[in-house]
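# Structural overview for review
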Amino acid sequence: MEKLNCLIAGLPDSGKSTYLGALWYVTQNASGKIELALRASNENIPENTSLLEGLSRKWHNVEDMDRTSNDAPENISFLMCPKGSDDEISIEVPDFRGESIRQIITENQPSEFDDWCLKANHLLFLISDVRAGIYADDFEDDEEATDAAETSIEENQTDELPPILELDPKNITPAAQNILILRYLFENYRFKKIVICLTAWDRIIKENGGKAKDPEEYLKEKSPALYHFISYHFDDVKYFGLSGQGEEYEYEKTGDGDNEKKRVTEKCKKRLQKLTRDCQRAFVYDGISKSYDITLPIAGFLKEG
């Protein structure tokens, strides 16, 4: 049996849990509705399905995913069969929380992350925000802030060196964060193949007037530094646009004051649950065609060349 150790990584809110929930639902329920590159094995009974079933349930019910709370992940393992074959492959992925992955930037990631990277042979990297540049915030009063800083320096000049500021990864743009994370992975580990998924692809299509865009060209246009870093350092890279939710959720507020909360509207739930039953909700786009077979990013790791 072939064993595929796939590291699924990405910043917080990049869509990892949503993708896993959708993937588990589709592989369990799409038989006879859509053709899948990877189908569930008849022996597809992991030792512990509670995590996958929980993610799948929230996805099916059109509910926001809970953030993974532990640094030490719960490994997810299940059996799949490639299309047209009775051979089985064992797929193992760890459910690392996005914040643990972002800690790579300051080299404070949990030791379990590096331990798992040592045995991973493929990388599925999810990107939800491609904003370029260096700093996350643009100041509206740059000139006033600069003048105030210069005045403060003049009034408080001493012979002492200024304190060294601790780097907060949240203060740099997502594109820069992703470059630093990918640089660490490139310098320390070797993956046979890499798949880059640009998530919330339904939103990107909507922003483009409903027209499809090539995911690779989109990244190159919106974040050239990140794109060229990936192209220069990694040889075998495949790009997908991925919509794990199918569309952006519509919310309504409930309660007042401190008890105010938000929930997905019933109209949105009913629409997406119908698409879920028809297996026409979550989708991927490879630059040529749209497909509801969301196993394609993982199936690509099995192809030669």
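The rules behind each value
Residues numbered from 1 in each chain as written. Predicted model: local features only at pLDDT ≥ 70, side-chain atom pairs only at ≥ 80, totals over all residues. Heavy atoms only, no water. Helix = DSSP H or I, 4+ residues; strand = E, 2+ residues; numbered from the N terminus. Buried < 20%, exposed > 50% of the residue type's maximum accessible area, 1.4 Å probe, protein only. Contact = heavy atoms within 4.5 Å. Areas by Shrake-Rupley, 256 points an atom, 1.4 Å probe, with all protein chains shown as cover. Disulfide = S-S within 2.5 Å. Salt bridge = Lys/Arg side-chain N within 4 Å of Asp/Glu carboxyl O. Expected span 1.5 Å × (residues − 1). Pairing = 2+ DSSP bridges. Axes fitted to C-alpha atoms, helices over the stretch in contact; angles between N-to-C directions. Parallel < 35°, antiparallel > 145°, perpendicular 65-115°, else oblique. Nonpolar A, V, L, I, M, F, W, Y, C, P; charged D, E, K, R; others polar.

What follows deals with the overall build of the protein. A tally of regular secondary structure across the protein gives 11 helices and 11 strands. Looking at the 305 residues of the protein, the share that counts as buried comes to 46%. Here the contacts in the protein between residues at least 6 apart in sequence split such that 75% fall between residues at least 24 apart. Taken as a whole, the protein presents about 17,300 Å² of accessible surface, with 44% of it coming from carbon and sulfur.

Counted under the stated rule, the structure contains zero disulfides. No disulfide involves Cys 6; its sulfur sits 9.5 Å from that of Cys 197, the nearest cysteine.

The next point concerns the pattern of salt bridges. Summed over all chains, the structure comprises nine salt bridges. As a salt-bridge pair, Lys 253 and Glu 260 come within 3.9 Å of each other at their nearest N and O atoms. Residue classification places Glu 260 among the partly exposed residues on the basis of a relative accessible area of 41%. One salt-bridge network, held together by shared partners, links Glu 247, Glu 250 and Arg 271.

The next thing to look at is helix 1 (residues 16–29). With 14 residues, helix 1 ought to run about 20 Å at 1.5 Å a step, and its terminal C-alpha atoms sit 20 Å apart, in line with that. Of all 14 residues in helix 1, 12 are buried, a share of seventy percent or more. Residues of helix 1 that are buried: Lys 16, Ser 17, Thr 18, Tyr 19, Leu 20, Gly 21, Ala 22, Leu 23, Trp 24, Tyr 25, Val 26 and Thr 27.

If a strand is regular, its side chains alternate between the two faces of the sheet. Across the eight residues of strand 3 (residues 75–82), six count as buried, placing the element largely inside the fold. Here three bridges tie strand 2 (residues 38–40) to strand 3, and the two strands are oriented antiparallel to one another. By the bridge assignment, Leu 38 is partnered in strand 3 with Pro 82. Here strand 3 pairs with strand 4 (residues 89–94) via six bridges, running antiparallel. Directly across from Asn 75, in strand 4, lies its bridge partner Pro 94. Remark: six residues form the turn of the hairpin made by strand 3 and strand 4, two consecutive strands paired antiparallel; Gly 84 in that turn has positive phi of roughly 75°.

This part takes up the environment of Met 80. Secondary-structure assignment places Met 80 in strand 3. The exposure class of Met 80 is buried, given its relative accessible area of 1%. Sequence separation of Met 80 and Ser 90 is 10 residues, and the distance between their C-alpha atoms is 6.6 Å.

Here we come to the packing of helix 8 (residues 215–222) against helix 9 (residues 224–233). Orientation of helix 8 relative to helix 9, taken along the N-to-C sense of each, is 125°, at an axis distance of 5 Å. Judged by the angle between their axes, helix 8 and helix 9 are oblique. Where helix 8 approaches helix 9, its residues Glu 216, Leu 219, Lys 220, Glu 221 and Lys 222 are matched on the opposing element by Pro 224, Leu 226, Tyr 227, His 228 and Ile 230. Tallied by class, the residues present in the contact of helix 8 with helix 9 amount to five nonpolar, one polar and four charged.

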